[in-house]
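# Structural overview for review
Chain by chain, the residues:
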Amino acid sequence: MCVCQTMEVGKYGKNATRSGDRGVLLEPFIHQVGGHSSMMRYDDHTVCKPLITREQRFYESLPPEMKEFTPEYKGVVSVCFEGDSDGYINLVAYPYVENEALEQDDLPERDQPRRKHSRRSLHRSSSGTEHKEEKPGLASDSTESSIQETKSPRVDLHIHSDVPFQMLDGNSGLSSEKISYNPWSLRCHKQQLSRMRSESKDRKLYKFLLLENVVHHFKLPCVLDLKMGTRQHGDDASEEKAARQMKKCEQSTSATLGVRVCGMQVYQLDTGHYLCRNKYYGRGLSIEGFRNALYQYLHNGIELRKDLFEPVLAKLRSLKAVLERQASYRFYSSSLLIIYDGKDSRAGTPLERRPEARLKRGEGSGPEGLQDGSSSEPGSSAQPKVDVRMIDFAHSTFKGFRDDPTVHDGPDMGYVFGLESLINIMEQMREENQ
């Protein structure tokens, strides 16, 4: 049982769920489409994730002009898990008290055994980057059976969306199961609980970062998680880890485009559910496959959202200009989120009533398999709201940061190359679909 049960929370966020009178009951964040660690919902406007000291310090040191393109950093909370009388586990957040909570990178690397992997394993929950050595609290070393033993009815009680999610499998076929959360979020959450329970005798409190929930403005958030750059390993990576990361880059569009898909959810107007993709799908894409994936992300099941091209391109160009001015910065293993609202508020005939325009799904789920059933332009002159945010800075660095021995010259050209590829592909797509 948690040692901080007698503490009182001094302030709750909007619509935070209280755990008795003591803390905030954390809920899995249902719109997590990628990543390694479990993102938790703190309140409507705030999420939290296991704290990595380097990432915390990076958020605290962000150049002002980058803050438009990153989640707002809101501080730190102490998190523990509490078991109820039935043996179920809940994560509860309390005000942070210095020296009581442990960070996810407090344990030495030798105490963190490396996991064995298989492509279909339930336990693979990275968005393309292996953090096993640095982050003992982020993933489970246990087997599938032990994850199933970690009973957590809170997953069923609190992960809820009025819109079902469907994961596309490796053959691009729709899964038969419709669920009320992105399946990747549940996978990460189960691993988090399993790991924390296995460490319960030694670790009572964890430190979590509080960050802005960047999708809270969107009613039906469509999210694309992209791993950016031509290099993913940090300067402090072991030779083994660096080799693994370089191999992943060489075998994916990270090498050819400077960007690869790590996760995606896109709302479909014709069926009323989200289609989801994960990192394994993204790793196997060719350049044309990446282009098809981007097309699918911008397609609502009935038509290509042409109204998104200009606002997304404007954001990407602005971000590129900002990063080109950040000398010595490197954003190894970071991701870029592109977000828009699947709730189409444009005027005109309801598109979901046009059966002839419905999305045809097959193994070639790219432009050739997505039928643009409407050539009509948006009925409103107002541009749709979109957002572009950089996330995941556990391996980022810049000159003078934490006395890092390696200092890089100029901007992060691998990241910039990825942005250029993304911009070029979107511009070509816009021209082809005018």
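The following paragraphs examine the structure supplied in this document. (Residues numbered from 1 in each chain as written. Predicted model: local features only at pLDDT ≥ 70, side-chain atom pairs only at ≥ 80, totals over all residues. Heavy atoms only, no water.)

This part is about the overall build of the protein chain. When you go through the protein chain residue by residue, the secondary structure sums to 10 helices and 16 strands. For the protein chain, the proportion of contacts with a sequence separation of at least 24, taken over those separated by at least 6, is 79%. Accessible surface computed for the protein chain: about 18,100 Å², of which carbon and sulfur atoms make up 46%. (Helix = DSSP H or I, 4+ residues; strand = E, 2+ residues; numbered from the N terminus. Contact = heavy atoms within 4.5 Å. Areas by Shrake-Rupley, 256 points an atom, 1.4 Å probe, with all protein chains shown as cover.)

Of note, D392 is a non-glycine position whose phi angle comes to about 70°, a positive value. Within the fold, D392 resides in the loop between β15 (386-391) and β16 (396-397). For D392, a relative accessible area of 18% corresponds to the buried category. For R402, which is not glycine, the phi torsion reads 50° and is therefore positive. With respect to the element layout, R402 can be found in the loop between β16 and α10 (413-432). The class for R402 is partly exposed, based on a relative accessible area of 41%. (Buried < 20%, exposed > 50% of the residue type's maximum accessible area, 1.4 Å probe, protein only.)

Let us look at the nonpolar core. If you look at the biggest cluster of nonpolar residues, it comprises 71 residues, and the most contacted ones within it are Y297, L298, L316 and L336. Apart from the residues within four sequence positions on either side, L298 is in contact with E303, L304, R305, L308, F309, Y340, M426 and M429. One finds M40, L91, M196 and L210 within the second-largest nonpolar core, a separate group that totals 16 residues. (Core = buried A, V, L, I, M, F, W, Y, C linked by side-chain atoms within 4.5 Å.)

We now examine the pattern of salt bridges. All chains considered together, the criterion is met by 19 salt bridges. A salt bridge links R291 to E432, with the nearest nitrogen and oxygen atoms 1.9 Å apart. Of this pair, R291 sits in helix α8 (residues 287-297) while E432 sits in helix α10, and the two are 141 residues apart along the sequence. What makes R291 buried here is its relative accessible area of 12%. (Salt bridge = Lys/Arg side-chain N within 4 Å of Asp/Glu carboxyl O.)

Another aspect to go through is α8. Most of α8 sits inside the fold, with nine of its 11 residues counted as buried. Within the span of α8, buried status applies to G289, F290, R291, N292, A293, L294, Y295, Q296 and Y297.

Take the packing of helix α9 (residues 309-323) against α10 next. As a packed pair, α9 and α10 sit with axes 10 Å apart at the nearest point and diverge in direction by 160°. Relative to α10, the element α9 lies roughly antiparallel. Crossing angle aside, the handedness with which α9 passes α10 is left-handed. Contacts from F309, E310, V312, L313, L316, R317, L319, K320 and L323 of α9 reach α10 at Y415, V416, L419, E420, L422, I423, M426, E427, M429 and R430. Residue composition of the contact of α9 with α10, by class: 13 nonpolar, no polar and six charged. (Axes fitted to C-alpha atoms, helices over the stretch in contact; angles between N-to-C directions. Parallel < 35°, antiparallel > 145°, perpendicular 65-115°, else oblique. Left-handed = near helix turned anticlockwise from the far one by under 90°. Nonpolar A, V, L, I, M, F, W, Y, C, P; charged D, E, K, R; others polar.)

In a regular helix each residue adds 1.5 Å, so 16 residues correspond to 22 Å; helix α4 (residues 183-198) covers 23 Å between its end C-alpha atoms and thus fits that length. A large share of α4 lies buried, amounting to 13 of its 16 residues. (Expected span 1.5 Å × (residues − 1).)

In this section: the pairing of strand β7 (residues 89-95). Burial analysis of β7 places six of its seven residues in the buried class, the great majority of the element. Here two bridges tie strand β2 (residues 23-25) to β7, and the two strands are oriented antiparallel to one another. Its bridge partner being in β7, L25 is matched across the sheet by V92. Pairing of strand β6 (residues 73-83) with β7, which is carried by seven bridges, proceeds in the antiparallel orientation. (Pairing = 2+ DSSP bridges.)

Here the focus is the side chain of D43. Here D43 shows up in strand β4 (residues 40-43). No salt bridge is formed by the buried D43; its nearest oppositely charged neighbour, K74, is found at 5.2 Å. At a separation of 2.9 Å, a polar atom in the side chain of D43 contacts the main-chain amide nitrogen of H45. At 2.9 Å, the side chain of D43 and the backbone nitrogen of T46 are in polar contact. (Lys, Arg positive; Asp, Glu negative; His and termini not counted. Polar contact = N/O pair within 3.5 Å; in protein donor to acceptor, adjacent residues only side chain to side chain.)

We now examine the pairing of strand β11 (residues 259-268). By the criterion of burial, β11 is predominantly enclosed, with 10 of the 10 residues buried. Alignment of strand β10 (residues 221-228) against β11, held across six bridges, turns out to be antiparallel. The residue bridging V223 from the neighbouring strand is Q265, located in β11. Pairing of β11 with strand β12 (residues 273-277) involves five bridges; the strand directions are antiparallel.

Going through the model one piece at a time under the given rule, you end up with 14 aromatic pairs. Aromatic side chains Y329 and F331 sit 6.0 Å apart centroid to centroid with 25° between the ring planes, which places their arrangement in the stacked category. Each of the two residues, Y329 as well as F331, counts as buried. Members of the aromatic cluster, connected to one another through ring pairs, are F58, Y59, Y73, Y329, F331, F393, F398, F401 and Y415. Sitting over the face of the ring of Y332, R231 holds its NZ or CZ atom 4.0 Å from the ring centroid. Positioned above the aromatic ring of Y281, the side-chain terminus of R277 is 3.8 Å from the ring centre. (Phe/Tyr/Trp six-rings, centres within 6.5 Å; stacked < 30°, edge-to-face > 60°. Lys NZ or Arg CZ within 6 Å of the ring centre and 35° of its normal.)

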